[in-house]
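Here is what each chain is made of, one letter per residue.
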Amino acid sequence: MAFKEPKRQKERIELISMVDMIFILLVFFLVNNFVIKMPLQERSLYIPTPKNELGRAQIVIQFVENGQIFWMDESVSEFVNQLEESYGYLSEDRLRRKVLSELISRNIISPSELDTKLEALVTRANNDPYISYFILIRCPNDLPYHRIINIITKISDTNYRNVKYGCVGGTLEDIQNCKCISTVVERDTKGRRRKNIRIDF
Amino acid sequence: MSFHKRNEKKGLSLPGLIDIIFLLLIFSLVTLSISEAKVETKRRGDRGVEFDLPESRTKDTEEVDRLLQTLLFQIDYLDPKNKSGPKAVWVLKPSLHDSLSLEGARLIAQRDSLYRPFPGNFLELSDREFRRSPACQIIRESIREYKDQNFFKPDLSNAIEVRAIKDTEFRIVNYILELCSAYGDTIPRVVLRTLTAKEAVGGI
């Protein structure tokens, strides 16, 4: 008696899997084209050439080597006054050093804190066209320049163009060794009273 | 005699579903590209009337951004393949009618030896030594020459451009800023060209 041979199943490509593969390949190429190979575009940022006028800036941003930032604004004056009262018994030179070290340790902030402060500043500037700010950005020589670009990008897009800025080279050690940090009340070009930070090197 | 009823499963068939999704995707892609083309035509003010406009014989027109409009310092590695090697500055000067592209100006600078490497240890040099380096000298002389020829009076539009790679040290950029600062309001601004990811198409 002859046995029937079992029917051999035809070997064929599964349609579903094939369509799935095509689909995945298509998505891969689309993503590859539109996202990964997204062309770079040049952006022009205007940087005013700085004028090293003492007591011109209301905010000083000093980059520190380890990625942190030293931030000084008009509140410095009150803080310095408080410290001078507390440590009045020290000699003048020791008092200055003590005040500076306290000031620096209190005002070192992280990049994310800097972002928050800058956002708050831009919001304030956008809400009131009649106030203006001048920010001095100090950067050590060996840091890459794109660090300052990140800040300028954030502060240059204000509605009333009332946040002005300048960049100079300098280190935190310069500030540590400065003769005096204080705030002075000055009048700006339009005659308005403004508290400015004054650093005497 | 009873017939066996075939039990046919009711429900969506997966291949059919995938085919439909596939077709929908292609349809939306094609529609998107067509609608973008229409928007582009509307923006140009073309209302369907065809004109025989003269065509440029060159392959592509240069983007405005790629054209050199003022004195530009390009800071890059002397040998682009050697990322640990010294950086150099190329002095790119615009042509008379501002029609020179960045690439063209770079070739001219290379041909005319208008480039100088920065010393390998330039961060350790004193300010005086750094200023005396050949790279700083060519920057200083180029700014002075360009200012004498083009910037006759204080004007907000007077600017020098700097196009530097991302990890360029601030000392180099700061030196250019200081040089321009010395001319006061005659060169009130420096333009820093930075590379950013291109924004997605769609904003009209």
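In what follows, the structure referred to is the one given above.
So, a few notes on the structure that sits alongside this text.

## Quick look at the overall build of chain A
Phase 1: A count of helices and strands for chain A gives 6 helices and 8 strands.
Phase 2: Relative to all contacts within chain A whose residues are 6 or more apart in sequence, the contacts with residues 24 or more apart total 70%.

## Regarding the interface of chain A and chain B
Interfaces are often sized by the accessible area lost when the parts come together.
Phase 1: At the interface, 31 residues of chain A touch 31 residues of chain B.
Phase 2: Within the residue set of the side of chain A that touches chain B, elements represented by two or more residues are α1 (15–36), β1 (40–48), α5 (146–155) and β6 (163–169) of chain A.
Phase 3: No other element matches β1 of chain A, which puts 9 residues into the side of chain A that touches chain B.
Phase 4: The class makeup of the residues in the side of chain A that touches chain B is 20 nonpolar, 6 polar and 5 charged.

## Regarding the sheet that holds strand β4 (residues 108–109) of chain A
All names here are of chain A.
Phase 1: If you trace the 5 strands from one edge of the open sheet to the other, you get β4-β3-β2-β5-β6, paired in mixed fashion. Of all the strands in the sheet, the pair left with one neighbour each is β4 and β6.
Phase 2: Sheet analysis places strand β5 (residues 133–139) next to β6, joined by 7 bridges and oriented parallel. Directly across from C139, in β6, lies its bridge partner G169.
Phase 3: Strands in contact with helix α4 (residues 111–127) are β3 (69–72), β4, β5 and β6; relative to β3, the strand with the most contacts, it is inclined by about 35 degrees.
Phase 4: α5 rests against β2 (59–63), β5 and β6 of the sheet, and its axis sits at about 170 degrees to β5.

Thresholds applied
- Think of each chain on its own: its residues are numbered from 1, step by step along the sequence as written.
- As they are written, the chains are lettered A onward and the ligands numbered 1 onward, keeping that order.
- It should be noted that, the model being predicted, local features are given only for residues of pLDDT at least 70 and side-chain atom pairs only at 80 or more, the latter also being counted only at that level, while totals for whole chains, interfaces and linings use all residues.
- In this description a helix means any DSSP run of H or I spanning at least four residues, a strand means any run of E spanning at least two, and both kinds are numbered starting from the N terminus.
- Placing a C-beta atom from the backbone of each residue, one calls two residues in contact when those atoms lie within 7 Å.
- The classification used treats Ala, Val, Leu, Ile, Met, Phe, Trp, Tyr, Cys and Pro as nonpolar, Asp, Glu, Lys and Arg as charged, and all other residues, Gly among them, as polar.
- Paired strands, in this sense, are two strands between which DSSP finds at least two bridges.
- Here the axes come from fitting lines to C-alpha atoms, over the contacting stretch only for helices, and the angles between their N-to-C directions go from 0 to 180 degrees.

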